[in-house]
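# A closer look at the structure
Letter by letter, the chains look like this.
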Amino acid sequence: MLDEAASTNTEAALRDPAHATAIACRRQTAGRGQRGNTWEAAPGENLTFSLVLRPQAIEACRQFEISEVVSLAIVDVLRRHIGEGLAIKWPNDIYWHDKKICGILIENAVCGGGIERSIVGIGINVNQVEFLSDAPNPVSMRAITRTEYPLDALLDEFVNEIVGAFDAYEKALDFESLHALYCAALWRGEGLWPWHDAVAGEDIKAEIVSVGPMGHLTLRLADGTERAYAFKEVAAIL
């Protein structure tokens, strides 16, 4: 546990530690999120850590499976503490109802057809109850349950769950079962919802059709037409 770091993902890349090594810090000054966003975390109140995974069986062309394993493992731990209402917002934010409780940023080092290293950066809102940034919808474990959580024990619980799930998946490589669980856990997984199509530059209403092996999202508009998107090409509208 570091007292301070600009970014735990950067620290993990510089240190290049062994598989299943976690680097956490009490105060992260330049945490990064999806889409280039920053991650707000009051010092000493939340979990900000990076977990290094070294895949042996997952091919580079199926790297999104790492995101699915990690996000489902985090949901499992959160569910033990705060109950139901959790979902995965594509591609891998964790929501409690319509509020964000966890962000994940995965950076993969690809070598040939394999993955040399995955750095899984994770920020979980734990004990913080007042948020000062302009993030539209943060929530924390404590805000939900009115319970204060011991960070060190909680960190161990998350790391053990993620590593256990990842190692088990590497042995089984049961993509169909994993993907079915991921799709079933998607936030707004059914029905027409508002999205912003960054490619077309317009707001649309659409339903989720599928998520591909590389994480591409396919939406179906109200008129029946379908559009496929890579990361950052479409965003849900709250």
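Definitions and limits used
Residues numbered from 1 in each chain as written. Predicted model: local features only at pLDDT ≥ 70, side-chain atom pairs only at ≥ 80, totals over all residues. Heavy atoms only, no water. Axes fitted to C-alpha atoms, helices over the stretch in contact; angles between N-to-C directions. Helix = DSSP H or I, 4+ residues; strand = E, 2+ residues; numbered from the N terminus. Parallel < 35°, antiparallel > 145°, perpendicular 65-115°, else oblique. Left-handed = near helix turned anticlockwise from the far one by under 90°. Contact = heavy atoms within 4.5 Å. Salt bridge = Lys/Arg side-chain N within 4 Å of Asp/Glu carboxyl O. Buried < 20%, exposed > 50% of the residue type's maximum accessible area, 1.4 Å probe, protein only. 1 Å grid on protein atoms, 1.4 Å probe; cavity = no way out; pocket = protein on both sides within 12 Å on 5 of 7 lines; lining within 4 Å. Points joined across faces, edges and corners; volume = space filled by probe spheres on them. Nonpolar A, V, L, I, M, F, W, Y, C, P; charged D, E, K, R; others polar. Polar contact = N/O pair within 3.5 Å; in protein donor to acceptor, adjacent residues only side chain to side chain. Expected span 1.5 Å × (residues − 1). Core = buried A, V, L, I, M, F, W, Y, C linked by side-chain atoms within 4.5 Å. Lys, Arg positive; Asp, Glu negative; His and termini not counted.

## Some thoughts on the packing of helix H2 (residues 64-82) against helix H4 (residues 151-172)
- At a minimum axis distance of 9 Å, the contact between H2 and H4 shows a crossing angle of 140°. Classified by the interaxial angle, the pair formed by H2 and H4 is oblique. As H2 runs across H4, the sense of the crossing is right-handed. Here Glu65, Ile66, Val69, Val70, Ala73, Ile74, Asp76, Val77, Leu78, Arg80 and His81 of H2 come into contact with H4, specifically with Leu154, Glu157, Phe158, Glu161, Ile162, Ala165, Phe166 and Tyr169.

## Quick look at the pattern of salt bridges
- Taken as a whole and assessed by the stated rule, the structure comprises 14 salt bridges.
- Of the charged contacts, one joins Arg80 and Glu157 as a salt bridge, the two residues approaching to 3.1 Å between their closest N and O atoms. You can see Arg80 sitting in helix H2 and its partner Glu157 sitting in helix H4, a full 77 residues away along the chain.
- The exposure class assigned to Arg80 is partly exposed, which follows from its relative accessible area of 48%.

## Some points on empty space enclosed by the protein
- Inspection of every chain in the model, using the stated rule, returns two cavities of 30 Å³ or more.
- There is about 60 Å³ of room inside the second largest cavity.
- Surrounding the second largest cavity, ten residues form its lining, Lys89, Trp90, Trp187, Trp195 and Ala236 being those nearest its centre.
- Examining the composition of the lining of the second largest cavity, we find that three residues originate from one element, strand E12 (residues 234-236), more than from any other.
- Of the residues belonging to the lining of the second largest cavity, the class tally is seven nonpolar, no polar and three charged.

## Considerations on the side chain of Ser50
- In this fold, Ser50 is placed in strand E3 (residues 47-53).
- Here Thr8 takes part through its side chain, which lies 2.7 Å from a polar atom of the side chain of Ser50.
- Aside from chain neighbours lying at most four places away, what touches Ser50 is Thr8, Asn9, Ala12, Thr21, Ala22, Ile23, Ile119, Val120 and Gly121.

## Some details on H4
- When the terminal C-alpha atoms of H4 are compared, their 32 Å separation across 22 residues agrees well with the 32 Å that a helix rising 1.5 Å per residue should span.
- Each element contacted by the buried residues of H4 is listed here: strand E2 (21-28), E3, H2, strand E7 (114-124), helix H3 (141-145) and helix H5 (175-184).
- Directly beyond the C-terminal end of H4, a positive phi value near 50° is found at Leu173.

## So, the nonpolar core
- In this structure, Ile74, Leu78, Ile94, Ile101 and Ile124 are the most contacted members of the largest nonpolar core, which totals 63 residues.
- If you tally residues by element for this core, the top one is H2, at eleven residues.

## Here's the deal with the side chain of Arg188
- Note on placement: Arg188 falls in the loop between H5 and strand E8 (193-197).
- Buried within the structure, Arg188 lacks any salt-bridge partner; Asp98 is the closest side chain of opposite charge, at an N-O distance of 4.7 Å.
- Within the structure, the side chain of Arg188 is placed 2.8 Å from the backbone oxygen of Ile237, a separation counted as a polar contact.

## Points about the environment of Ala228
- Within the secondary structure, Ala228 is located in strand E11 (residues 226-229).
- Considered as a pair, Ala228 and Asn92 are 136 residues apart in the sequence and their alpha carbons are 17 Å apart.
- When near neighbours in sequence (up to four residues on either side) are disregarded, Ala228 contacts Leu217, Thr218 and Glu233.

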